[in-house]
Amino acid sequence: MSPEPDLEPEQRAEKKKEKQQDGDGDGENGENRPQVAHIDETVAVRIAENVDDFMSLVNEANEANERERGMTLRHAFTIYPKAIGWSMVLSSCLIMEGYQTAVVGAYVSYPAFKTRFGIQAPNGEYVIPASWQNGISGATNVGEIIGLQFAGIVSERYGYRWTIISALVAVTGFIFFPFFANSLAVFLVGELFQGMSWGIFQTMTVAYAAEVCPVPLRHYLTAYVNLCWIIGQFISSGVLVGLVDRTDVWGYKIPFAVQWVWPIPIAVGTFLAPESPWWCIRKGKKDRAEKSLKRLARRSGFSQREADAALALMIYTDEMEKQISIGTRYWDCFTGTDLRRTEIVCMTWLAQTLSGTSLGGLATFFYQQAGISDSDSFKLNWGKDAINFVGTVTSWFVLNKVGRKTLMFSGMSTIFVLLLITGFLGIPQTPTPAESWTIGTLVILLSATANFSIGPVVYTIVSEIPSTRLRAKSIILARNAYNAINIAFVNIVTYRQLSPDEWNWGPKSAFFWAGVNSVFTAYVFFRLPETKGRTYAELDILFENKVPARKFASTKIETLVEGTEGAQKKQAEGIVA
């Protein structure tokens, strides 16, 4: 395929668009023809102007791109065990967050905590007032928003590793607040400060996982972040079940003290880990990026040629994104093709929290309101976490076969059906013991479905959709949208729906969430593109070509060599001249 000699790069790019449009049409010329996404030659020319040997760069980048696309899962596991290990070390920060989040969520129904900080409800039971429940949850979310913004600034300058280490040091001190709290006000302040560290963990771990592994491993390591949440929740449920019969202050203090186990070993592991090679490229540290690449792969299966090719692909992708969108500020997430990418990651994370999973997050409280005893409630919650663990691990094997969009859509649809059934069972004012257990079982199924589908797949989607230069900031914006909607809507509504001294809707609150779920299920169907098997360079090309979401999976992309022939020829002519 040789470019027409009499055409300028801009004219050739326009000619490619015309051919693409001809292939998309209906009728005998375009019917059943797959859409083809082309590299913008004007962008390629500008890249060629910024690098010394564009032809060598493109050929090496193309070699790495095709190598990643054709890499088998078995080969990826063989070559990149160290990348898997380092990613798991950093992602283990989320075990702490999952543990703490589960502990605080369960405390609204934990006997020792309710006796110490609660007030007596009309039915004689001690409860934590809904206003304080909202305040504590809101304080955590506000802290996460602050931490997320802080992470975007610090990580840009110092890298992912040192940002995570600083958060681990900080959270070690912040745990003292809830441990020594003598009032709900002090407890709230402690959750605010801890939330800052959680916000940093939420972004940095996902971004790091997405940047240290090849395409076949990407969904495993990003979805593993969700598994870390589940592991933390499972541990917290076990601790709470073991201490549920304690009525003294240690009944709720010991669960907080357990958190001091994790920061130091995780911090040591993070210090020893290599920095993200993509971050090194963005900062112009090519030698350090090469060292990171070699530390992430086995020496026996990763030659110098392969390292050079992988480095070339990163440089080419980074240069291409610079030409499409020069800046790396938060504002740049809302300009050009990045606006669509930001919209998708924000709406995807909103879909997760507004799908009705908030009922599963308050499972213990929900069980008690359905008439199940304290002891049985916490045991059911522990079992739920074990099922969630199995669900997330199972999703790894399904995700790569069915794709991100299919798993997300099917999960949302299944949760919608479970919510409707739960709501109908809650219609009787006084449910029978059998109905109460059925409702509890449905909540377990709802949570298991979420952790098989929308739980892990969201982390994969939000890490793949953004451009590499704006990945961290896009994840931050999406997670902050998640936190903001939790503060302003989810926490307020959920606690009041289930609290006996507020609206007291009980299981009927599932009808409300089914309605909200339907809106976001429709969004996923029409707007979420399929990113399975695509390299970051290919995703940039698809978004630059404005390919519709429904055609992402079927669209073919010309190779980097084919798409940059005009730019290569122009640079060669300049050298000869």
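## Focus on the overall build of the protein
Thought 1: Counting its regular elements, the protein contains 29 helices and 4 strands.
Thought 2: The globule rule puts the C-alpha radius of gyration for 577 residues at 25 Å, and the 25 Å found for the protein is close to it.
Thought 3: Expressed as lengths along the three principal axes of its C-alpha atoms, the size of the protein is roughly 90 × 55 × 40 Å.
Thought 4: Summed over its atoms, the accessible surface of the protein is roughly 22500 Å², and 61% of this surface lies on carbon and sulfur atoms.
Thought 5: If you average the places of the 53 positive and of the 54 negative side-chain charges in the protein, the two averages end up 5 Å apart.

## Quick word on the side chain of T392
Thought 1: Considering the arrangement of structural elements, one finds T392 in helix α21 (residues 374-402).
Thought 2: Overall, T392 belongs to the buried group, its relative accessible area being 0%.
Thought 3: Those residues in contact with T392 that sit more than four places away from it in its chain are A223, N226, L227, I230, N451 and P456.

## As for a nonpolar patch on the surface
Thought 1: A cluster of nonpolar residues, Y158, W162, I264, V268, F271 and L272, forms a patch on the protein surface that exposes about 640 Å² of accessible area.
Thought 2: When residues in the nonpolar patch are grouped by element, the largest group, 4 residues, is from helix α14 (residues 263-272).
Thought 3: When you line up the elements, V268 lands in helix α14.

## Let's talk about empty space enclosed by the protein
Thought 1: All chains considered together, the criterion is met by 6 cavities of 30 Å³ or more.
Thought 2: In this structure, the second largest cavity spans a volume of roughly 260 Å³.
Thought 3: No other element matches helix α17 (residues 304-324), which puts 4 residues into the lining of the second largest cavity.
Thought 4: Within the lining of the second largest cavity, the residues separate by chemical class into 15 nonpolar, 2 polar and 4 charged.

## Notes on the packing of aromatic side chains
Thought 1: For the structure on display, the rule yields 32 aromatic pairs.
Thought 2: Sitting above the plane of the Y536 ring, R218 keeps its charged end 4.6 Å from the centroid.
Thought 3: One cation-aromatic arrangement involves K473 over Y330; the distance from NZ or CZ to the ring centre is 5.5 Å.

## Some points on the confidence of the model for the protein
Thought 1: Taken as a whole, the protein shows an average pLDDT of 86; of its residues, 90% reach a score of 70 or greater.
Thought 2: Segment residues 1-7 is flagged for pLDDT under 50; beyond a separation of four residues in sequence, or across chains, it makes 15 contacts in the model.
Thought 3: Scored below 50 in pLDDT, residues 19-31 makes 13 contacts in the model with residues more than four places away or belonging to other chains.

## A short note on unusual backbone geometry
Thought 1: Positioned with a positive phi, N504 is a non-glycine residue whose angle comes to about 55°.
Thought 2: Tracing the sequence through the fold places N504 in the loop between α25 (471-498) and α26 (509-527).
Thought 3: Taking relative accessible area as the criterion, N504 reaches 42% and is therefore assigned partly exposed.
Thought 4: A positive phi angle, near 55°, is found at K546, a position not held by glycine.
Thought 5: Looking at where K546 falls in the secondary structure, it is placed in the loop between α27 (536-544) and β4 (556-557).

## Comments concerning the nonpolar core
Thought 1: Membership of the largest hydrophobic core comes to 155 residues, with the highest contact counts inside it found for Y107, Y110, F113, Y316 and M408.
Thought 2: With sequence-adjacent residues up to four places away left out, Y110 is seen in contact with L240, L243, V244, G251 and F378.

## Focus: the packing of helix α18 (residues 337-353) against α25
Thought 1: Contact geometry for α18 and α25: axes closest at 8 Å, N-to-C directions at 40°. Crossing hand, α18 versus α25: right-handed. For the pair α18 and α25, the contacting residues are T342, V345, C346, W349, L350, Q352 and T353 in the first and S474, I475, L477, A478, R479, A481, Y482, I485, N486 and V490 in the second.
Thought 2: Among the residues making up the contact of α18 with α25, the classes are represented as 11 nonpolar, 5 polar and 1 charged.

## Structural notes on the environment of Y110
Thought 1: Relative to the elements of secondary structure, Y110 occurs in the loop between α6 (93-107) and α7 (111-117).
Thought 2: C-alpha separation for the pair Y110 and S375, spaced 265 residues apart in sequence, amounts to 10.0 Å.

## Topic: a positive patch on the surface
Thought 1: On the surface, K82, R295, R298 and R299 cluster together into a positively charged patch.
Thought 2: Mapped onto the fold, R298 is located in the loop between α16 (286-296) and α17.

## With respect to the environment of V462
Thought 1: For V462, the position within the fold is in helix α24 (residues 454-464).
Thought 2: Residue classification places V462 among the buried positions, given a relative accessible area of 0%.
Thought 3: Taking the C-alpha atoms as reference, V462 lies 21 Å from T101; in sequence the two are 361 residues apart.

## As for the pattern of salt bridges
Opposite charge on two side chains permits them to pair, given that their charged atoms come into close proximity.
Thought 1: One pass over the structure, following the stated rule, counts 18 salt bridges.
Thought 2: Where E464 meets R218, a salt bridge forms, and the shortest distance between an N and an O atom there is 2.8 Å. Of the two residues, E464 sits in helix α24 while R218 sits in helix α12 (residues 215-243), which places them 246 residues apart along the sequence. For the pair formed by E464 and R218, the shared burial category is buried.
Thought 3: Ionic pairing is found between K294 and E290, a salt bridge with its closest N-O pair at 3.2 Å. Here the residue K294 and the residue E290 both occupy positions in helix α16, the gap between them amounting to 4 residues, near one helical turn.
Thought 4: With a relative accessible area of 34%, K294 lands in the partly exposed category.
Thought 5: In this structure, a network of salt bridges that share partners links the residues D318, E319, K322 and R469.

## Here's the deal with the state of the cysteines
Thought 1: Counted by the stated rule, this structure contains 0 disulfides.
Thought 2: Unpaired in terms of disulfides, C280 finds its nearest cysteine sulfur in C213, a separation of 16 Å.
Thought 3: Take C280: its relative accessible area is 0%, and that puts it in the buried class.
Thought 4: Lacking any disulfide linkage, C333 is separated from the closest cysteine sulfur, that of C346, by 8.6 Å.

Parameters at a glance
- Residues numbered from 1 in each chain as written.
- Predicted model: local features only at pLDDT ≥ 70, side-chain atom pairs only at ≥ 80, totals over all residues.
- Heavy atoms only, no water.
- Helix = DSSP H or I, 4+ residues; strand = E, 2+ residues; numbered from the N terminus.
- Rg over C-alpha atoms; globule rule 2.2 N^0.38 Å.
- Areas by Shrake-Rupley, 256 points an atom, 1.4 Å probe, with all protein chains shown as cover.
- Lys, Arg positive; Asp, Glu negative; His and termini not counted.
- Charge placed at Lys NZ, Arg CZ, Asp CG, Glu CD.
- Buried < 20%, exposed > 50% of the residue type's maximum accessible area, 1.4 Å probe, protein only.
- Contact = heavy atoms within 4.5 Å.
- Patch = residues over 30% accessible without salt bridge, like charges linked within 9 Å, V, L, I, M, F, W, Y side chains within 5 Å.
- Salt bridge = Lys/Arg side-chain N within 4 Å of Asp/Glu carboxyl O.
- 1 Å grid on protein atoms, 1.4 Å probe; cavity = no way out; pocket = protein on both sides within 12 Å on 5 of 7 lines; lining within 4 Å.
- Points joined across faces, edges and corners; volume = space filled by probe spheres on them.
- Nonpolar A, V, L, I, M, F, W, Y, C, P; charged D, E, K, R; others polar.
- Phe/Tyr/Trp six-rings, centres within 6.5 Å; stacked < 30°, edge-to-face > 60°.
- Lys NZ or Arg CZ within 6 Å of the ring centre and 35° of its normal.
- pLDDT = per-residue confidence, 0-100.
- Core = buried A, V, L, I, M, F, W, Y, C linked by side-chain atoms within 4.5 Å.
- Axes fitted to C-alpha atoms, helices over the stretch in contact; angles between N-to-C directions.
- Left-handed = near helix turned anticlockwise from the far one by under 90°.
- Disulfide = S-S within 2.5 Å.

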